[in-house]
Amino acid sequence: MEIVNGSYYPGEVVYVIIRNPHVQDAANVQEAAVVNNPEKPNELALFVYETYYPLTDEIAVYKSEAEAETAFQQAFGDTEVEGYYG
């Protein structure tokens, strides 16, 4: 999904797929807040896990949790399948 900063506003809740930095093969859908970037006041950022991430077209952002979950399933498959270890 291409991101256009003009289509998001501070205070908006969005969803992203984020990898666990400690376990490289683990990812999940996470709620994030769109905020003003504290390092660049004229830009927006995502605030997730007490960290700011620049809101760029390199991050897939979804307006709804259902949309993010669908994208997650397409990318990573069904993690509820028996015998899945990843």
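Fair warning: this is a prediction, and the values are worked out from it, not measured in the lab.

Trainee: In this structure, what is going on with the layout of surface pockets? I would like to understand it.
Mentor: Once rolled over the atoms, a probe with the size of a water molecule shows which space is left empty. In this structure, the largest pocket encloses a volume near 180 Å³. Lining of the largest pocket is provided by Val-16, Ile-17, Ile-18, Arg-19, Leu-46, Val-48, Tyr-53, Glu-58, Ile-59, Ala-60 and Tyr-62. Among the residues making up the lining of the largest pocket, the classes are represented as 9 nonpolar, no polar and 2 charged.

Trainee: Could you clarify how one ought to interpret the pairing of strand S2 (residues 23-36) in this entry?
Mentor: Consecutive side chains of a regular strand alternate in pointing toward one face of the sheet and then the other. One ladder, built from 8 bridges, connects strand S1 (residues 13-20) with S2; its direction is antiparallel. Bridge assignment links Arg-19 to a residue of S2, and that residue is Ala-27. Linking S1 to S2, which pair antiparallel, is a turn of 2 residues. As paired elements, S2 and strand S3 (residues 44-48) share 4 bridges and run antiparallel to each other. Its bridge partner being in S3, Asn-36 is matched across the sheet by Leu-44.

About the thresholds
- Each chain has its residues counted from 1, following the order in which its sequence is written.
- The predicted nature of this model means local features are confined to residues of pLDDT at least 70 and side-chain atom pairs, given and counted, to a pLDDT of 80 or more, with totals for whole chains, interfaces and linings taken over all residues.
- The side-chain numbers reported here are obtained from all heavy atoms of the structure, hydrogens and water having been left aside.
- Cavity means a closed set of points on a 1 Å grid over the protein atoms alone, one where a 1.4 Å probe fits but cannot get out, pocket means an open set with protein on both sides within 12 Å along at least 5 of 7 lines, and lining means a residue has an atom within 4 Å of a point.
- Grid points are joined across faces, edges and corners, and a volume is the space filled by probe spheres set on the points.
- Residues are grouped as follows: Ala, Val, Leu, Ile, Met, Phe, Trp, Tyr, Cys and Pro are nonpolar; Asp, Glu, Lys and Arg are charged; every other residue, Gly included, is polar.
- Only strands joined by at least two bridges in the DSSP assignment are considered to pair.
- Put simply, DSSP marks the helices as runs of H or I at least four residues long and the strands as runs of E at least two long, and each gets a number from the N terminus on.

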